[in-house]
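Coordinate analysis (summary)
Read off the chains here:
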Amino acid sequence: MTILENIKHDIQTIKDRDPAATSTLEILTYSGLHAVAFYRVSHWFYVHKHKVIARCISQFARMLTGIEIHPGAKIGKGLLIDHGSGVVIGETAEIGDYCLLYQGCTLGGTGKDHGKRHPTLGNNVMVGCGAKVLGPFTVGDNAKIAANAVVLEPVPANSTAVGVPARIVKQNGKRTCDLDQVHIPDPVAQELCQTRIQIAKLEKRVAELEKIGKKEQ
Ligand SMILES: CC(C)(COP(=O)(O)OP(=O)(O)OC[C@H]1O[C@@H](n2cnc3c(N)ncnc32)[C@H](O)[C@@H]1OP(=O)(O)O)[C@@H](O)C(=O)NCCC(=O)NCCS
Ligand SMILES: CC(=O)OC[C@H](N)C(=O)O
């Protein structure tokens, strides 16, 4: 895809995904669109080894929009940065297609890694406002990162990560168990939880039957 085709795609995505967007003209005023368009140009200079020009463009975009995208980041089709102020995307971050980032979120490093330092988002990932995703791990397709979460470990596809530090509260539309003390659903803990739920149901049923039995006596 050329830079222009990518930008057209970004505009279409905003139309499709932002309920507040009413027309193309209105979308052309969006800071998020400006930041992504400048990024697409700066990335071209970055990959063609004009790193200073690339940086000048990204710093200019930052002044204009309050959104800082390092020209080295790799960003797929149809990125929507909604509202945008305070968004920071690090040099080795990778973002799949049709992702949605809200204001104040960071795709950053922990300061402890070298080389690949920033996260990789799959396709259709949503990162809520104020969330920080820190480290060189993967956030799977269709994952949702809650507003203000601080994510320090991989997030599986189709799941929701919430809190500080973030834990997985939903996966494939189902709530994960409260017994889950690690951030990724543990199959043994989930099995234990299911057993506890079954026992609780059986205890309730036994109590009901005992009550009926007593009445009949
Ligand atoms: C997380 C989010 C995406 C909802 O995802 P979801 O998969 O539909 O999850 P649910 O709404 O079912 O919530 C699951 C649990 O997480 C909790 N939760 C949701 N968002 C949370 C947040 N930001 N921080 C802490 N807990 C949160 C819910 O209360 C619920 O808890 P419970 O299981 O104890 O009831 C949404 O709440 C969110 O944070 N969106 C960010 C959008 C945003 O940034 N908007 C800014 C627009 S300007
Ligand atoms: C402020 C906010 O919720 O923005 C989200 C989206 N633009 C909307 O209008 O719903």
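Predicted model only: the values in this text are computed from it and were never measured. Each chain carries its own residue numbering, running from 1 in the written order of its sequence. As a convention, the first chain written is A and the first ligand written is 1, with the rest following in written order. At least 70 in pLDDT is required for a residue's local features to be given in this predicted model, at least 80 for side-chain atom pairs to be given and counted, and no such filter applies to totals for whole chains, interfaces and linings, which use all residues. Processing note: side-chain calculations cover all non-hydrogen atoms of the structure and skip hydrogens and water entirely.

A few words on the overall build of the chain. Labels follow the DSSP assignment, with helices taken as runs of H or I lasting at least four residues and strands as runs of E lasting at least two, numbered in each case from the N terminus. The secondary structure content of the chain amounts to five helices and 16 strands. Only C-alpha atoms enter the radius of gyration; for comparison, a globular chain is expected to reach 2.2 Å times N to the power 0.38, where N is the number of residues. In terms of overall dimensions, the chain is more spread out than a globule: its C-alpha atoms have a radius of gyration of 23 Å, far above the 17 Å expected for 217 residues. Viewed in the frame of its principal axes, the chain has a C-alpha envelope of about 90 × 45 × 25 Å. When the accessible area of the chain is evaluated, it comes to approximately 12200 Å², of which 57% is carbon and sulfur surface. The charge count includes Lys and Arg as positive and Asp and Glu as negative, but it does not include His or the ends of the chains. Each charge is placed at NZ for Lys, CZ for Arg, CG for Asp and CD for Glu. In the chain, the 26 positive side-chain charges and the 21 negative ones have mean positions that sit 1 Å from each other. Only the protein chains shown count as cover for residues, and all accessible areas are computed by the Shrake-Rupley method using a 1.4 Å probe.

Here the focus is the nonpolar core. To form a nonpolar core, buried Ala, Val, Leu, Ile, Met, Phe, Trp, Tyr and Cys residues must be joined to one another through side-chain atoms within 4.5 Å. Accessible area is worked out with a 1.4 Å probe on protein chains only. A residue is then buried under 20% of its type maximum, exposed over 50%, and partly exposed in between. With 32 residues, the main nonpolar core has Ile89, Leu101, Val127 and Ile145 as its most contacted residues. A per-element tally of this core places helix H3 (residues 31–47) first, with three residues. Pairs of residues are marked as contacts when any of their non-hydrogen atoms sit within 4.5 Å. In contact with isoleucine 145, not counting residues within four places along its chain, are Met126, Val127, Gly128, Ala131, Val133, Val139, Val151, Val155 and Ala161. By size, the runner-up hydrophobic cluster in this structure holds eleven residues, among which are Ile11, Ala21, Ala37 and Met126.

Here the focus is the site of ligand 1. By convention in this text, a residue qualifies as near a molecule or strand provided that one of its non-hydrogen atoms is within 4 Å of it. Neighbouring residues of ligand 1: 14 residues in total, closest Cys129, Ala147, Thr160, Lys170 and Arg175. Polar contacts here mean pairs of N or O atoms no more than 3.5 Å apart (in protein, one a potential hydrogen donor and the other a potential acceptor; neighbouring residues in sequence count only if both atoms are side-chain atoms). Within the backbone of cysteine 129, an N or O atom sits 2.7 Å from an oxygen atom of ligand 1. In this structure, alanine 147 approaches ligand 1 through a main-chain N or O atom, which is 3.0 Å from an oxygen atom. Out of a free accessible area of 910 Å², ligand 1 has 53% covered by protein chains.

With that settled, consider the site of ligand 2. The environment of ligand 2 is formed by Asp18, Pro19, Ala20, Asp82, His83 and Tyr102. Within the side chain of aspartate 82, a nitrogen or oxygen atom sits 2.7 Å from a nitrogen atom of ligand 2. Between histidine 83 and ligand 2, the recorded distance is 2.7 Å, taken from a side-chain N or O atom to an oxygen atom. Considering ligand 2 on its own, with 290 Å² of exposed area, one finds that the protein chains cover 51% of that surface. Its residues placed into classes, the shell around ligand 2 shows three nonpolar, one polar and two charged. Three categories are distinguished: nonpolar for Ala, Val, Leu, Ile, Met, Phe, Trp, Tyr, Cys and Pro, charged for Asp, Glu, Lys and Arg, and polar for the others, with Gly belonging to the last.

Each neighbour pair has its own omega, and for valine 164 with proline 165 the value is -15°, a cis peptide bond. Positive phi is not limited to glycine here, since lysine 49 has a value of about 65°. Assignment of secondary structure puts lysine 49 in the loop between H3 and helix H4 (51–65). The exposure class of lysine 49 is exposed, given its relative accessible area of 69%.

What follows is about the packing of aromatic side chains. What counts as a ring pair is set by centres within 6.5 Å for rings of Phe, Tyr and Trp (its six-membered ring), and what kind of pair is set by the plane angle: stacked under 30 degrees, edge-to-face over 60, tilted for all other angles. A full pass over the atoms with the stated rule returns two aromatic pairs. With centroids separated by 5.7 Å and ring planes inclined at 80°, the aromatic side chains of phenylalanine 38 and phenylalanine 60 adopt a geometry described as edge-to-face. Here phenylalanine 38, found in helix H3, pairs with phenylalanine 60, found in helix H4; they are 22 residues apart in sequence, far enough to count as distant. For phenylalanine 60, a relative accessible area of 42% puts it in the partly exposed group. Relative to phenylalanine 45, the ring of tryptophan 44 lies with its centre 5.1 Å away and its plane at 85°, an arrangement referred to as edge-to-face. Judged by its relative accessible area of 41%, tryptophan 44 is partly exposed.

In this section: helix H1 (residues 3–17). Count 3.6 residues to each turn of an α-helix, and residues three or four apart come out pointing the same way. Expected span, for any helix, means 1.5 Å times one less than how many residues it has. Here H1 contains 15 residues, and its C-alpha end-to-end distance of 21 Å stays within 8% of the 21 Å for a straight helix at 1.5 Å per residue. Within H1 the residues assigned to the buried category are Asn6, Ile7, Asp10, Ile11, Thr13 and Ile14. The buried residues of H1 occupy one face: seen down the axis, they fall within an arc of 160°. Structural note: H1 exposes Leu4, Lys8 and Asp16 on the side pointing more than 90 degrees away from its buried face. The elements touched by buried residues of H1 are helix H2 (24–27), H3 and strand E3 (80–82). Here the arc refers to the set of directions running from the helix axis out to each C-beta atom.

Remember, this is a structural readout, not a statement about activity or role.
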